[in-house]
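Structural characterization, general
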Amino acid sequence: MEKKNVWECYDEKQLEELEVHAKEYMDFLDNGKTERECVDFIVNRIEKEGYRELQALMKEKKALKKGDKVYAVWMNKSVVMFQMGEKPMCEGMNILGAHIDSPRLDVKQNPMYEEGGFAYLDTHYYGGVKKYQWVTIPLAIHGVIIKKDGTCVEVNIGDKEDDPVFFVSDLLIHLATEQLEKKASKVIEGEALDIIIGNKPLSIGKNKEDGKESKESGKDAVKKGVLAILKESYDIEEEDFISAELEVVPAGKAKEAGFDRSMILAYGQDDRVCAFSSLKAMLEIGEVERTACCILVDKEEIGSVGATGMESKFFENMVAEVMNLAGEYSELNVRRCLASSCMLSSDVSSAFDPSFASSFDKKNVAYLGNGMVFNKFTGARGKSGSNDANAEYLGHIRSIFAKEKVHFQTAELGKVDLGGGGTIAYILALYGMNVIDSGVAVLNMHAPWEATSKADVYEAKRGYVAFLENASM
Ligand code: MN
Ligand code: MN
């Protein structure tokens with residue numbers, strides 16, 4: 001079966017659309033470096049397009065009808081949206097799903113200390129990272145601090161032009177003979193991923209005679225200096241880290257990559273590339289027969305756990321509430337709705353990397369620029385942990401994509417015995433619905449900077465539109 005670079009297939013108009021989509025996507029990446037920021041961005045965007053919050057509609061006891069658009073947010077970290085279709089929901093929905101959390105370093109609850117004249121924040125990494133990739137690069141801190149009185153302080157520092165950045169140090173090459181003998185997993189250990197946040201002792205006032213600033217000296221003077229700045233900037237005490245969620249992420253904006261500007265290099269493309277393209281598809285579809293739904297969740301990178309992860313009952317509860325407002329709620333109808341639905345569970349797939357060719361099966365790997373990716377199954381070593389989509393369902397998807405001229409490729413992550421990764425697909429499949437893993441190929445997945453092809457990002461959005469408007473099984 002022939003692989004094809006989809007750039008060859010576009011006309012002028014499509015190339016223009018592709019660039020517009022890429023630009024909007026990069027803007028989303030720049031403004032959504034945490035799941036909370038993504039949810040904010042998405043809610044702002046969809047409210048402008050006529051979406052209304054489910055809670056408000058429940059208070060109004062509004063009866064939902066065809067064409068109505070409704071959304072619900074859970075704990076500021078997950079969001080689900082629905083566009084009501086012509087048919088009753090109990091006949092099934094067409095669902096897009098993706099995740100909006102990404103690997104990063106999370107600040108611990110008692111994080112601050114001083115050592116060797118530096119003030120540090122201690123971190124615990126989130127998701128799968130090659131720890132050695134996170135040293136000596138500029139880092140930003142994004143997140144929230146909830147004070148005892150309940151006020152929320154938003155932190156977003158390191159990404160604006162004039163902001164300072166933070167970093168993790170690494171040993172100079174001149175002294176690294178022993179370090180370089182270590183295994184890559186041990187070169188930088190988890191407890192060594194603490195970020196440097198200051199090096200200047202606390203100012204304790206100006207000398208009256210010479211007007212020079214004097215500094216505190218002795219134990220923890222630098223830490224005290226940083227705490228004084230935190231007090232002034234955010235009105236927080238050291239103790240407030242207890243109820244904070246601060247995410248340390250690579251600093252800097254998404255960039256076009258290559259002389260031909262064909263690719264995007266950015267942090268957090270796993271899985272915001274699928275999340276944004278799904279969101280855009282929801283906003284582009286016209287009237288639909290089956291209710292269109294898009295669920296964008298948190299916590300995929302650590303196993304879809306917790307109240308905001310896909311394993312939470314949040315999604316099912318919201319489906320029940322929407323069916324209630326649509327006048328067709330019963331426990332049986334909710335089950336029928338979920339069992340009769342079709343889903344594209346979207347996540348990134350590994351792109352073939354010629355530098356590591358032996359890790360892939362060349363016939364069954366995604367190629368950057370070859371279109372949207374379908375993974376019939378994920379998992380590794382005997383498909384363990386996989387959702388293995390039904391052949392009949394794949395046949396249905398093929399017919400839709402052929403009709404709508406969407407370019408796609410099929411893939412596995414890598415060689416059978418090498419390893420693998422999970423997605424949210426198996427969780428939705430528990431309802432008995434048709435689910436297939438799909439998405440966009442990414443080069444150096446989970447690295448601080450990941451690469452995608454603009455053409456694949458565009459093709460994914462086209463695929464999602466085709467799916468929402470046509471799937472019915
Ligand atoms: Mn992912
Ligand atoms: Mn991932």
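Residues numbered from 1 in each chain as written. Chains lettered and ligands numbered in written order. Predicted model: local features only at pLDDT ≥ 70, side-chain atom pairs only at ≥ 80, totals over all residues. Heavy atoms only, no water.

A few words on the overall build of the protein chain. Of regular secondary structure, the protein chain possesses 11 helices and 22 strands. In terms of C-alpha radius of gyration, the protein chain reaches 24 Å, essentially the compact-globule figure of 23 Å for 473 residues. Projected onto the principal axes, the alpha-carbon positions of the protein chain cover approximately 80 × 60 × 45 Å. A buried classification covers 52% of the 473 residues belonging to the protein chain. In the protein chain, 76% of the contacts between residues at least 6 apart in sequence involve partners at least 24 apart. Accessible surface computed for the protein chain: about 22200 Å², of which carbon and sulfur atoms make up 51%. (Helix = DSSP H or I, 4+ residues; strand = E, 2+ residues; numbered from the N terminus. Rg over C-alpha atoms; globule rule 2.2 N^0.38 Å. Buried < 20%, exposed > 50% of the residue type's maximum accessible area, 1.4 Å probe, protein only. Contact = heavy atoms within 4.5 Å. Areas by Shrake-Rupley, 256 points an atom, 1.4 Å probe, with all protein chains shown as cover.)

For the rest of this paragraph, the subject is the coordination of the manganese ion (ligand 1). On the protein side, the manganese ion (ligand 1) has His 99 (NE2), Asp 270 (OD), Asp 347 (OD) and Asp 347 (OD) as donor atoms, found 2.1 to 2.5 Å from it. Along the chain, the residues donating to the manganese ion (ligand 1) fall in the pattern H-x170-D-x76-D. The manganese ion (ligand 2) is placed at 3.2 Å from the manganese ion (ligand 1), the two being bridged by Asp 270. Taken together, the residues His 99 in strand β4 (residues 94-99) and Asp 270 in helix α6 (residues 269-284) connect sequence positions 171 residues apart. Each member of the pair, His 99 as well as Asp 270, is classed as buried. (Donors = N, O, S within 2.8 Å, 3.2 Å for Na, K, Ca; no water.)

Around the manganese ion (ligand 2), the protein supplies Asp 270 (OD), Glu 301 (OE), Glu 301 (OE) and His 446 (NE2) as donor atoms, at distances of 2.1 to 2.6 Å. Mapped onto the sequence, the donors of the manganese ion (ligand 2) take the spacing D-x30-E-x144-H.

Further remarks concern the pattern of salt bridges. All chains considered together, the criterion is met by 35 salt bridges. Here Glu 287 and Lys 66 are joined by a salt bridge, their closest N and O atoms 3.5 Å apart. One end of the pair, Glu 287, is in the loop between α6 and β15 (292-297); the other, Lys 66, is in the loop between α3 (54-59) and β2 (69-74), and 221 residues separate them in sequence. Glu 239 is the partner of Lys 148 in a salt bridge, and the nearest nitrogen-oxygen pair spans 3.5 Å. One end of the pair, Lys 148, is in the loop between β7 (139-146) and β8 (152-157); the other, Glu 239, is in the loop between α5 (221-234) and β12 (244-250), and 91 residues separate them in sequence. (Salt bridge = Lys/Arg side-chain N within 4 Å of Asp/Glu carboxyl O.)

Strand order across the open sheet formed by six strands is β8-β7-β12-β5-β6-β9, with antiparallel pairing between neighbours. Of all the strands in the sheet, just β8 and β9 (195-198) have a single pairing partner and so form its edges. For this sheet the average axis-to-axis angle between neighbouring strands, irrespective of direction, equals 30°. Where strand β6 (residues 118-126) meets β9, three bridges bridge the pair, whose relative direction is antiparallel. Residue pairing for β9: Tyr 120 is matched across the bridge by Ile 196. Across the sheet, α5 lies against β5 (104-115), β6, β8 and β9, angled at about 125° from β5, the strand it touches most. (Pairing = 2+ DSSP bridges. Axes fitted to C-alpha atoms, helices over the stretch in contact; angles between N-to-C directions.)

In summary, soluble globular proteins display a tendency toward joint burial of nonpolar side chains. Met 81, Leu 296, Leu 344 and Phe 467 are the most contacted members of the largest nonpolar core, which has 57 residues in total. Counting residues per element, this core draws most heavily on α6, which supplies eight residues. What Met 81 contacts, discounting residues up to four positions off in sequence, is Ile 42, Ile 46, Tyr 51, Val 70, Tyr 71, Leu 279, Met 282, Ala 292, Cys 293, Cys 294 and Leu 296. (Core = buried A, V, L, I, M, F, W, Y, C linked by side-chain atoms within 4.5 Å.)

Below, the discussion takes up the pairing of β15. Along β15, six of the six residues are buried, which leaves the element largely enclosed by surrounding structure. Alternating residues of β15 divide into Ala 292, Cys 294 and Leu 296 and Cys 293, Ile 295 and Val 297, and every residue in both groups is buried. Relative to β15, strand β3 (residues 78-83) runs antiparallel, the two being bridged by five bridges. Bridged to Val 79 within β15 is Leu 296.

In this model α6 runs 21 Å from its N-terminal to its C-terminal C-alpha over 16 residues, within 8% of the 22 Å that 1.5 Å per residue would give. With 15 of its 16 residues buried, α6 lies for the most part within the structure. (Expected span 1.5 Å × (residues − 1).)

As for its position among the elements, Leu 246 is in strand β12. The exposure class of Leu 246 is buried, given its relative accessible area of 6%. Along the primary structure Leu 246 and Glu 91 are separated by 155 residues, whereas in three dimensions their C-alpha atoms are 42 Å apart.

In the segment running from Asp 270 into Asp 271, the intervening peptide bond is cis, with an omega of 10°. Mapped onto the fold, Asp 271 is located in helix α6. Although it is not a glycine, Arg 261 adopts a positive phi angle of roughly 55°. Mapped onto the fold, Arg 261 is located in the loop between β13 (255-257) and β14 (263-266).

Let us now look at the side chain of Asp 347. Relative to the assigned elements, Asp 347 resides in the loop between β16 (342-346) and β17 (349-350). One buried charged residue, Asp 347, remains without a salt bridge, the closest side chain of opposite sign being Arg 272 at 11 Å. Here His 99 takes part through its side chain, which lies 3.3 Å from a polar atom of the side chain of Asp 347. Beyond its immediate stretch of four places on either side in the chain, Asp 347 contacts His 99, Asp 270, Asp 271, Cys 274, Glu 300, Gly 422, Thr 423, Ser 438, Gly 439 and Val 440. (Lys, Arg positive; Asp, Glu negative; His and termini not counted. Polar contact = N/O pair within 3.5 Å; in protein donor to acceptor, adjacent residues only side chain to side chain.)

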